[in-house]
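# Topology and contacts: notes
The primary structure of each chain is shown beneath.
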Amino acid sequence: MSNLLTLSDAIRIHLHHGDCVALEGFTHLIPFAAGHEIIRQEKRDLTLVRMTPDVIFDQMIGMGCAKRLVFSWGGNPGVGSLHRLRDAVEKHFPHPIEIDERSHAAMTVSYTAAAAGLPCGLMRGFLGSDLAQHNPNIKFIDCPFTGERLAAVPAIRPDVAIIHAQRADRAGNVHLWGIIGVQKEIALAAKKVLVTVEEIVDDLEAPSNACVLPAWVVTAVCHVPGGAAPSYAHGYYDRDNRFYQAWDEVSRDRDTFQRWMRDNVMDTVSVRGGA
Amino acid sequence: MSNLLTLSDAIRIHLHHGDCVALEGFTHLIPFAAGHEIIRQEKRDLTLVRMTPDVIFDQMIGMGCAKRLVFSWGGNPGVGSLHRLRDAVEKHFPHPIEIDERSHAAMTVSYTAAAAGLPCGLMRGFLGSDLAQHNPNIKFIDCPFTGERLAAVPAIRPDVAIIHAQRADRAGNVHLWGIIGVQKEIALAAKKVLVTVEEIVDDLEAPSNACVLPAWVVTAVCHVPGGAAPSYAHGYYDRDNRFYQAWDEVSRDRDTFQRWMRDNVMDTVSVRGGA
Amino acid sequence: MVATPSEVMTVVAARMLQEGTVCFVGIGIPSKAANLARLTHAPNAVLIYESGTIGTRPTVLPLSIGDGELAVTADTVVSTSEIFSYWLQGGRVEVGFLGAAQVDRYANLNSTVIGNYQAPKVRLPGAGGAPEIAAQAKETLIIINHDRRKLVEKVDFITSAGYLDGGDSRERAGLKAGGPTAVITDLCVLRPESQTRELVVTQLHPGVTRERVAEATGWDVRFAKDLSQTQVPSDLELSTLRELERQTALAHSIDAEDKTHLNRIDSKTEVTRP
Amino acid sequence: MVATPSEVMTVVAARMLQEGTVCFVGIGIPSKAANLARLTHAPNAVLIYESGTIGTRPTVLPLSIGDGELAVTADTVVSTSEIFSYWLQGGRVEVGFLGAAQVDRYANLNSTVIGNYQAPKVRLPGAGGAPEIAAQAKETLIIINHDRRKLVEKVDFITSAGYLDGGDSRERAGLKAGGPTAVITDLCVLRPESQTRELVVTQLHPGVTRERVAEATGWDVRFAKDLSQTQVPSDLELSTLRELERQTALAHSIDAEDKTHLNRIDSKTEVTRP
């Protein structure tokens, strides 16, 4: 497989300080291992893009990777706040971060527009909402046929998109299934795409019309079993809901968070991919 | 199954003179049987919508069903012209028809916009092409972020969309696979959706992320095995390429065409659906 | 069986979901209410979650919006882009269930910040799918605990438009469809008055007084002339709800006190195959 | 083996497709040329058909753009909307192969009408995917039989933009990417001159004279200074092409003379299960 790399090599080679990087996965298939590798390699000044920042962005923000956050819902799903995100926004710790805040629908329109090679996308949205007043990335146009006022949002074209999938074959074709979120869109929207996978198989055996990314659109595939935990990988392992609950207390205090990150992420050996 | 009807009932109840009706299926799964039923019921003044009119629209136009044609490629695939379509456009026989001509990409944008509840959709297109000069349904806007000139096309929201699919289950959920074309888009774009199917099964056994239309968006399901012939139904029967070749000669002459339609469509018994 | 105020709120919300309705469901009490409806009087209600699952029939409640249970029990699973474009914006959703940190007199919702947007006192999770649900569902139901800090005169930030400044201001802003038809709290139900669009109390839950509602509301709340009483939750409603919660707790083995698994989990993240 | 002019045209077109290239393929000679390339020097060329098949490796040539063979041998099959949005407009296509009824001096293509648009002499099939392929592929290759009525001074209708009026008029019209890089006929290859963008003959097929090309071209065609000779098709190229055509004819059992099956087919359409 020509595009197979270890995760540490993939991040070192393809992600640079100051890049715009999207890590997608809608609760399912969140690329945690890749996020941890970014933290370990101490990438800085990143624009982090993700509809639902989740614990992985809480960790990256808390560890000082982020300059800017583009998102639509920044909570700990089913639990409450992301305390590191809040600390950065409310108290500027570890440093201030810029916020570019949209809605879910707007994020999907921005991804879709980028994947489709358009500079912007249209939607019905933001009428009456204060979000448009605080975000210059939300504008309005009139439909040239009906005159209806429509919201326009700019394409989001990250330097790097990172996703986790269930499988790749030896040629580097990627297949994911279940809740597929916006992974295909962000993969095709980005300039480079890194994919961590649970398994590398001889034959994808993907059904007709499945969510498949051909090898030639994927910059690198990394073999990282468990790479989505504590989120889940449909057909491989379940979401660790208790982790998400426990994260609330770990992340609430700056020192506890730092200690936990040191013991569980920084001091662990980098993931080594290999078929 | 609450939405199960015979094909003749479905067409009689749901399609009216003067309606805008789309029959989709990109070479694969063309709803021929439904088209024939429309011809038998002598529906008139229809606006016919289809990316690739194909033999089925040639037959409908030749039999006088069409007032207007919205399309992007009107040939007999792999063979040549659609003679009845040409006769209508060039010689106004059996009567003149209006032409609203787009490109494939523009048609998909119009369907997608309608499915997404938008009045129009954006694309990069028609720059330098004469099509825009002859079609008021192609306009241009400037991207509010980059200033780039983009084409806009209006949503196509037919009164009725008709598609053919491989399967429905007894609850009326529909599953199609293989070359799925724009069927999901047109089904969701239209006000009513009629689906003819090869088979009605107990369990769709559709894979995750397959092309499925839930029963509650489908107006009627009609059990019509062979309903896509002489086009094909993946997993059921092949395309009859010889029919398409032979159609060239049948359709070239007005009388031969009329005779063929009388013998093979008008005088046949209506299809009776039933599980 | 005697219902807690929270149980009454859930049951009342569930009752508002009619059989066969297509409902866009958020996580938490909306999801609990929608599934309670499905398990009692509305077995054919169609539940859509923003994660892309259509026609889900979860046997236990999801803890997150993208729970695997939602995918496994769905009629079909589509991309999140498609959910928002073809299904929500496409006008397929009849009822949207929403929660929020604040709701105001004109049913505007705030889930963005408490305080000033640029320098917030509390940074809330943000909009998620709410602005478009509130704009595009044919009808929106809001579920929120009754508290002066939550039911406020004016929200700090309009994340999702209700009736804006009241009257026809929603229509004038170009919002064609829907709007909130009820705010369901643990004390009562409020509905927008037809002309002013101001929320007024139309229904009191068992044992709740007008005084208690007035005290817990951040504006000078009015009561409808034909104020009604909430019917006490039936044994069936309550037992179904409690069984659903029991199964959910079992399935998720949720126990925030047990933190020993944290290390285990993370090492799972980092383990690789040789 | 001696190649026919049509075979030479196909082989020359195939040679222009480099190994690994992502190619958007139309039915007919483009499809034949692209698959010949795949079966000879470019086994990893990625073929995309507008019907939604990506990475197809047909063993026989499709007669229609949506042939089942294309789906079965593809890496993935997506909707036609997605093909045009994410894949073509998304800038993923390196080479687009196009045919047309007419091509003019500045490589503009007509597949719409001969004569006037409102009252055409001949109504052609129309645009299909061509305008966007011509606009969005990084490079376009045009395949057309050489004939004065086909290679014309000015097309009756610009369906797909080439270099418009020549010079920088394509760029001025806002067309950023691509443009035709070669017109391959059964007599020669024409390429746009770098400044004027006028098509000039750059390569003559075996046995073809300048006079013959000039005669068959609808404008006063010029010849490049470094005019080259097309290399004669190799035995491998020719035998691969002929085997592909033989297999294709077998698979499709194409025989336009046999019309007895017409009734059979139609009755199949109308038959129902009891």
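Everything numeric here is computed off the predicted structure, so don't read it as measured data.

Further remarks concern the sheet that holds strand β6 (residues 102-104) of chain C. Residue and element names in this part refer to chain C. Judged by pairing direction, the sheet is mixed, and its 3 strands sit side by side in the order β7-β6-β11 without closing on themselves. A strand with exactly one partner marks an edge of an open sheet, and here the two such strands are β7 (109-110) and β11 (151-152). Where β6 meets β11, 2 bridges bridge the pair, whose relative direction is parallel. The residue of β11 that forms the bridge with D104 is V152.

All right, on to the interface of chain A and chain B then. Think of interface size as the accessible area that goes away when the parts come together; that is how it is often given. Chain A puts 27 residues into the contact, and the matching count from chain B is 27 residues. Overall, the association of chain A and chain B removes approximately 2100 Å² of surface from exposure, summing both partners, and the carbon and sulfur fraction of that is 75%. It is P119(A), F145(A) and N209(A) in chain A that bury the most area against chain B; as a group they hold 29% of the surface buried on that side. In this assembly, chain A and chain B are joined by 0 salt bridges. Of all the elements, strand β9 (residues 149-154) of chain A adds the most residues to the side of chain A that touches chain B, at 4 residues.

Quick look at helix α9 (residues 254-266) of chain A now. Residue and element names in this part refer to chain A. For α9, which comprises 13 residues, the first-to-last C-alpha distance of 16 Å sits more than 12% below the rise-based estimate of 18 Å (1.5 Å per residue). Where α9 is concerned, the buried positions are F257, W260, M261, N264 and V265. Seen end-on, α9 carries its buried residues on one side only, within an arc spanning 100 degrees. The opening residue of α9, the one whose side-chain oxygen lies 3.1 Å from the backbone nitrogen of D255, is D253.

Time to look at the domain arrangement of chain A. Residues and elements named next belong to chain A. You can read the domains of chain A as domain 1 (7-51 + 157-266) and domain 2 (104-154). Computed over C-alpha atoms, the centres of domain 1 and domain 2 are 27 Å apart. Facing 11 residues of domain 1, the contacting portion of domain 2 comprises 8 residues. Area buried by domain 1 at its contact with domain 2 is led by M51, R157 and E185, which between them contribute 54% of it. Remark: the boundary between domain 1 and domain 2 carries 0 salt bridges. Taken together, the links from domain 1 to domain 2 amount to 2 residue pairs in polar contact (both at pLDDT 80 or more).

Turning next to the interface of chain D and chain B. Each partner contributes to the interface: chain D provides 61 residues, whereas chain B provides 67 residues. In this assembly, chain D packs against chain B so that about 5300 Å² is buried in total across both faces, 57% of it on carbon and sulfur atoms. Where chain D packs against chain B, one counts 2 salt bridges. Applying the counting criterion to the chain D and chain B interface returns 17 residue pairs in polar contact (both at pLDDT 80 or more). For the side of chain D that touches chain B, the secondary-structure elements that each account for two or more residues are α3 (68-72), α4 (80-89), β9 (120-123), α5 (130-136) and α9 (261-270) of chain D.

Right, let's talk about the pairing of β9(D) for a bit. Residues and elements named next belong to chain D. Here 3 bridges tie strand β8 (residues 113-115) to β9, and the two strands are oriented antiparallel to one another. Its bridge partner being in β9, I114 is matched across the sheet by V122. Adjacent in sequence and paired antiparallel, β8 and β9 are bridged by 4 residues.

Attention shifts here to the pattern of salt bridges. Counted according to the given criterion, the structure contains 58 salt bridges over all chains. Between D159(A) and K191(A) there is a salt bridge, with its nearest N and O atoms 3.2 Å apart. Here D159(A), found in the loop between β9 and β10 (160-169), pairs with K191(A), found in the loop between α7 (183-189) and β12 (192-201); they are 32 residues apart in sequence, far enough to count as distant. Take D159(A): its relative accessible area is 23%, and that puts it in the partly exposed class. A residue is classified by how much of its surface remains accessible, and K191(A), at 57% relative accessible area, is exposed. A cluster of three or more residues bridged by salt bridges with shared partners is formed by R105(C), E153(C), E193(C), E198(C) and R222(C).

The two copies are related by a screw operation: chain A maps onto chain B through 180 degrees of rotation and 0.0 Å of translation along the axis, at an RMSD of 0.0 Å. Read as a symmetry element, the transformation amounts to a two-fold axis.

Our focus in this paragraph is the packing of helix α2 (residues 29-39) of chain D against helix α8 (residues 235-252) of chain D. Residue and element names in this part refer to chain D. Close contact between α2 and α8 brings their axes to 10 Å; oriented N to C, the two are set at 125 degrees. On the basis of the axis angle, α2 is oblique to α8. The hand of the α2/α8 crossing is right-handed. Contacts between α2 and α8 involve K32, N35, L36 and L39 on the former and, on the latter, E237, T240, L241, L244 and E245.

It is worth spelling out the confidence of the model for chain A at this point. The predicted coordinates ought not to be read in detail in places where the model reports low pLDDT. Averaged over all residues, the pLDDT of chain A is 94; the fraction at 70 or higher stands at 97%. Across residues 271-275 of chain A, confidence stays below pLDDT 50; counting only partners more than four residues off in sequence or on other chains, it has 17 contacts.

Reading guide: rules and limits
Residues numbered from 1 in each chain as written. Chains lettered and ligands numbered in written order. Predicted model: local features only at pLDDT ≥ 70, side-chain atom pairs only at ≥ 80, totals over all residues. Heavy atoms only, no water. Pairing = 2+ DSSP bridges. Helix = DSSP H or I, 4+ residues; strand = E, 2+ residues; numbered from the N terminus. Contact = heavy atoms within 4.5 Å. Buried area = accessible area lost by both parts, 1.4 Å probe. Salt bridge = Lys/Arg side-chain N within 4 Å of Asp/Glu carboxyl O. Expected span 1.5 Å × (residues − 1). Buried < 20%, exposed > 50% of the residue type's maximum accessible area, 1.4 Å probe, protein only. Arc of directions from axis to C-beta. Polar contact = N/O pair within 3.5 Å; in protein donor to acceptor, adjacent residues only side chain to side chain. Domains from an automatic or database assignment. Least-squares fit on C-alpha atoms with pLDDT ≥ 70 in both. Axes fitted to C-alpha atoms, helices over the stretch in contact; angles between N-to-C directions. Parallel < 35°, antiparallel > 145°, perpendicular 65-115°, else oblique. Left-handed = near helix turned anticlockwise from the far one by under 90°. pLDDT = per-residue confidence, 0-100.

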